[in-house]
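# Tertiary structure, described
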Amino acid sequence: KSMETVDPAADSSLKLAAAEHRDEAASKKNLCVKAAKEHNIPKDLNKVLENKVMETALDLSYVKLSVLEMTCLGDADSEGIVSKSVSSHSDLIPGVYEGGLKIWECTFDLMEYFSEAEIDFTNKTVLDLGCGAGLLGIVALRGEAARVHFQDYNSTVIDEITLPNVVANCPSEGRRMGSGEDSKASKPPSKRPRKAEGSPDVLHRCRFFSGEWSQVSQLLLNSNKPCSKYDIILTSETIYNPDYYSALHDTLAQLLDRNGRVYLASKVHYFGVGGGIYLFEKFIEEKNVFTTSMVKTIDQNLQRCIMEIAFKNSC
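Quick caveat, the model's predicted, so the values are computed rather than measured. Just so you know, the residues in each chain are numbered from 1, in the order the chain's sequence is written. Given that the model is predicted, a residue must reach a pLDDT of at least 70 before its local features are reported, and side-chain atom pairs must reach 80 or more before they are shown or counted; all residues, however, enter totals for whole chains, interfaces and linings. Only hydrogens and water are removed before side-chain values are computed, so all heavy atoms of the structure are retained for them.

### Considering the overall build of the protein chain
Selection criterion: Only runs of H or I of at least four residues qualify as helices and only runs of E of at least two qualify as strands under DSSP, and these elements are numbered from the N terminus. Exposure classes here rest on a 1.4 Å probe applied to the protein chains alone. A residue is buried below 20% of its type maximum, exposed above 50%, and partly exposed in between. By definition, residues are in contact when any of their heavy atoms lie within 4.5 Å. Computed with the Shrake-Rupley method and a 1.4 Å probe, the accessible areas treat only the protein chains shown as cover for residues.
For the protein chain, the helix and strand inventory stands at 11 helices and 10 strands. A buried classification covers 47% of the 315 residues belonging to the protein chain. Once local pairs closer than 6 in sequence are excluded, the contacts in the protein chain between residues at least 24 apart make up 73%. When the accessible surface of the protein chain is summed, it comes to about 16,000 Å², and 51% of that surface belongs to carbon and sulfur atoms.

### Some points on the packing of aromatic side chains
Two aromatic rings, taken as a pair, are described by how far apart their centres are and by the angle between their planes. Note the following rule: When two rings of Phe, Tyr or Trp (its six-membered ring) have centres within 6.5 Å they constitute a pair, described as stacked for plane angles under 30 degrees, edge-to-face for angles over 60, and tilted for the intermediate range.
Counted under the stated rule, the structure contains 9 aromatic pairs. Taking the centre distance of 5.1 Å and the plane angle of 10° together, the rings of phenylalanine 150 and phenylalanine 208 count as stacked. Here the residue phenylalanine 150 occupies a position in strand S5 (residues 147–152), and phenylalanine 208 occupies one in strand S6 (residues 206–210), the gap between them amounting to 58 residues. Judged by centre distance (5.8 Å) and plane angle (70°), the rings of tyrosine 245 and phenylalanine 283 are edge-to-face. Of this pair, tyrosine 245 sits in helix H10 (residues 245–255) while phenylalanine 283 is found in helix H11 (residues 277–287), placing the two residues 38 residues apart along the sequence. Overall, the relative accessible area of 2% leaves tyrosine 245 in the buried class.

### Things to note about the sheet that holds S6
Convention followed: Only strands that DSSP links by at least two bridges are regarded as paired with each other. Axis lines are fitted to C-alpha atoms, over the contacting stretch for helices. Their N-to-C directions set the angle, which ranges from 0 to 180 degrees.
The strand order across the open sheet built from 8 strands is S1-S6-S5-S4-S7-S8-S10-S9, with neighbouring strands paired in mixed fashion. What marks the edges here is a single partner per strand, and that holds for strand S1 (37–39) and strand S9 (290–298). Here the strands of the sheet are splayed against their neighbours by 20° on average, with no regard to which way each runs. Two elements, strand S8 (residues 256–267) and strand S10 (residues 304–311), share 6 bridges in a ladder whose sense is antiparallel. Counterpart to tyrosine 263 in the pairing with S10 is glutamate 308. Running over the sheet, helix H6 (residues 135–142) touches strand S4 (125–129), S5, S6 and strand S7 (230–236) and is turned about 175° from S5. Its contacts with the sheet place H11 against S8, S9 and S10, and it is angled at close to 15° to S10.

### As for helix H5 (residues 105–116)
As a reminder, the rule being used: Here the expected length of a helix is defined as 1.5 Å per residue gap, with one fewer gap than residues.
Along its 12 residues, H5 runs 17 Å from first to last C-alpha, staying within 8% of the 16 Å computed at 1.5 Å per residue. All of the buried residues along H5 are Cys106, Thr107, Asp109, Leu110, Met111, Tyr113 and Phe114. The positive-phi residue at the C-terminal boundary of H5 is glutamate 118, with phi of around 55°.

### Quick look at the pairing of S6
By the criterion of burial, S6 is predominantly enclosed, with 5 of the 5 residues buried. Judged by which residues are buried, S6 turns out to be covered on both faces: Cys206, Phe208 and Ser210 on one side and Arg207 and Phe209 on the other are all buried. With 3 bridges joining them, S1 and S6 adopt antiparallel strand pairing. The partner of glutamate 38 across the bridge, within S6, is phenylalanine 209. Direction of pairing for S5 relative to S6: parallel, over a ladder of 5 bridges. Note on S6: the bridge partner recorded for aspartate 152 is serine 210.

### What about helix H7 (residues 155–169)?
Compared with an ideal rise of 1.5 Å per residue, which puts 15 residues at 21 Å, H7 spans 20 Å between its outermost C-alpha atoms and is within 8% of the ideal. Most of H7 is tucked away, with 14 of its 15 residues classed as buried.

### Quick notes on the layout of surface pockets
For clarity, the threshold we go by: Whether a set of points on the 1 Å grid over the protein atoms alone is a cavity depends on a 1.4 Å probe fitting there but being unable to get out, while an open set qualifies as a pocket with protein on both sides within 12 Å along at least five of seven lines; lining residues are those with an atom within 4 Å of a point. Grid points are joined across faces, edges and corners, and a volume is the space filled by probe spheres set on the points.
As a volume, the largest pocket reaches approximately 720 Å³. In this structure, the largest pocket is lined by 37 residues; those nearest its centre are Glu98, Trp213, Thr238, Tyr240 and Tyr244.

### Looking at the pairing of S4
Of all 5 residues in S4, 5 are buried, a share of seventy percent or more. The side-chain alternation of S4 yields two buried faces, one formed by Thr125, Leu127 and Leu129 and the other by Val126 and Asp128. Pairing of S4 with S5, which is carried by 5 bridges, proceeds in the parallel orientation. Looking at the pairing, leucine 129 lines up with glutamine 151 of S5.

### Considering the confidence of the model for the protein chain
The test is simple: pLDDT measures the predictor's confidence residue by residue and takes values from 0 up to 100.
Model confidence for the protein chain is summarised by a mean pLDDT of 83, while 80% of its residues fall at 70 or above. Counting interchain partners and residues more than four positions distant, the pLDDT-below-50 stretch residues 1–31 has 1 contact. Every residue in residues 173–193 is under pLDDT 50, and counting partners more than four places away or in other chains gives 34 contacts.

### Quick look at the environment of asparagine 46
You can see asparagine 46 is positioned in helix H2 (residues 45–48). For asparagine 46, a relative accessible area of 39% corresponds to the partly exposed category. Along the backbone, asparagine 46 and alanine 168 are 122 residues apart, and their C-alpha atoms lie at a distance of 9.4 Å.

Here is the structure:
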């Protein structure tokens, strides 16, 4: 029909249907913005390691994923990300599970860079952003950082991976990260339940958060326990998806101290997702807030890089 002969009632129905469609689309979009949550540290630290089997690499212990996949059921995985990851054979389900169950290779690149560049964490405030296993933040704790916060998209990752790893690795005050000859050798997993080594004094320097970056930023800046800006932000393999670049950039701009540094480890390109180190570098340049420098390049297999990010005109 021409515009002149359209039934007004039918026209109203079309407008209503269109409005409902927009509302439904907006609702689905909002579902991807996972609310921020701070996770409490249990008083009984041994309960954190119940049913956990650990593996060891670079002198750090971490939860064995294959065992977690068999034991993390029911309330322990309220998000259902373990079963969804296993059933879909995927390490990434955008907006649902963002890869925190797995330790990605760039994490180890960044840990080795800390040693090579003699990064000093002493008395620094540190954020392990997109922490997953939390190994970067644990290294900062062992380096006597004054305060270390851990953030991951998924609450299950924080409760079942990050917190147990911190408890298993945090030594008594004063002990630094080991540097023995076997520190780079992977050791067999423990066959007995681990007892908590974490010192309450060390854990008092930690806070744990889950949720989408922008939501966590608001929680940190506006909560009853607001925190000062971070001296160092550590992040590994978080720039695989260009759709997240704006949220990541804004989070860094909001949470980094004026004279702070970001250390970001990434592959040059993430096939199938589209992100990569040079694409993110270009994004930062266009925003004109930060300066960047490539401080290390690893040419093994798919090329990987470590980028240092700082505010323009910072010390």
